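Chain and residue survey
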Amino acid sequence: MPVLTEAAIARAHPACAADEEAAMPLLPEAEIDARLDAILAARPHQGQDELHRDDGLWLFAYGALMWRPDFPFAERRPATVQGWHRRFCLWQWRFRGTRANPGLMLALDRGGRCRGLVYRLEGSDPRAALRPVWQREMRGRGYAGRWLTALTPEGPVTALAFVADRTGGRYAGRLSEAEAAHRIAAACGHIGPNALYLLNTARACEALGLRDRHLRVLQGLVAQRLAAQQPDT
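All of the points below concern the structure found in this document. Remember, predicted model here, so these are calculated numbers, not experimental data.

A few words on the packing of aromatic side chains. Applying the stated criterion to the full structure yields eight aromatic pairs. Between Trp-67 and Tyr-197 the ring centres are 6.3 Å apart and the planes differ by 65°, which places this aromatic pair in the edge-to-face class. With Trp-67 in helix H3 (residues 64-67) and Tyr-197 in helix H6 (residues 194-207), this pair connects stretches of sequence that are 130 residues apart. Judged by its relative accessible area of 4%, Tyr-197 falls in the buried class. Grouped by ring-pair contacts, the aromatic residues Trp-67, Phe-88 and Tyr-197 constitute a single cluster. The ring of Trp-93 has Arg-99 sitting right over it, with the charged end atom 3.9 Å from the ring centre.

Take a look at the structure:
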């Protein structure tokens, strides 16, 4: 059975697509800031009990934030959230996809559980610490912020997570893994192939000893599709 590799992805997508800004309009900065203020206002009260002790702002990571956090953090722990699972369920018409060949991005969707990481952000100003990653994740109109209980080896923490916005136009619903693999294999945007995002996330999970059936199955299906695209030699 073919294995998903960087080389196989590069053969299938030797060049990136041109950027089309109109393909996925971004959220205006003013609305990004308004939503940031609202999620911080909704942050659960930080008391003295174990669950809500005041030990800083935590962020739950389950996808690209595991392998490309791009923000300073004071601490990192393995963590699990209940009632949510990682799934390729957001259309991606830009960045790692196009309108002609839309890709898919991961989000937390309802049901099950998800193992990932929590980061404790650096700094005494929660808004300043969160603003860069909030802008990065929210600008594409695909996610909603949600405060979740994350279970860690040192005890539970309240963490902010980016979950699928089921009311938004990017929500793809529960696609079959065959359909998701077809989209991921075919999609490539101006920052690179969708399949590379899948591979990097799977590798991050494997490095942490996290077994994720959804990612494992998709890797195999995407590898098969990429191999089928190659001419016989």
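With that out of the way, let us pick up unusual backbone geometry. Not every positive phi belongs to a glycine, and Asp-70 is a case in point at roughly 55°. By the secondary structure assignment, Asp-70 is in the loop between H3 and strand E2 (73-92). A residue is classified by how much of its surface remains accessible, and Asp-70, at 53% relative accessible area, is exposed.

The next thing to look at is the nonpolar core. If you look at the biggest cluster of nonpolar residues, it comprises 74 residues, and the most contacted ones within it are Phe-60 and Leu-130. Dropping the residues within four chain positions of it, Leu-130 is found in contact with Leu-36, Leu-40, Leu-57, Leu-59, Leu-121 and Leu-160.

About the thresholds
- Residues numbered from 1 in each chain as written.
- Predicted model: local features only at pLDDT ≥ 70, side-chain atom pairs only at ≥ 80, totals over all residues.
- Heavy atoms only, no water.
- Phe/Tyr/Trp six-rings, centres within 6.5 Å; stacked < 30°, edge-to-face > 60°.
- Helix = DSSP H or I, 4+ residues; strand = E, 2+ residues; numbered from the N terminus.
- Buried < 20%, exposed > 50% of the residue type's maximum accessible area, 1.4 Å probe, protein only.
- Lys NZ or Arg CZ within 6 Å of the ring centre and 35° of its normal.
- Core = buried A, V, L, I, M, F, W, Y, C linked by side-chain atoms within 4.5 Å.
- Contact = heavy atoms within 4.5 Å.

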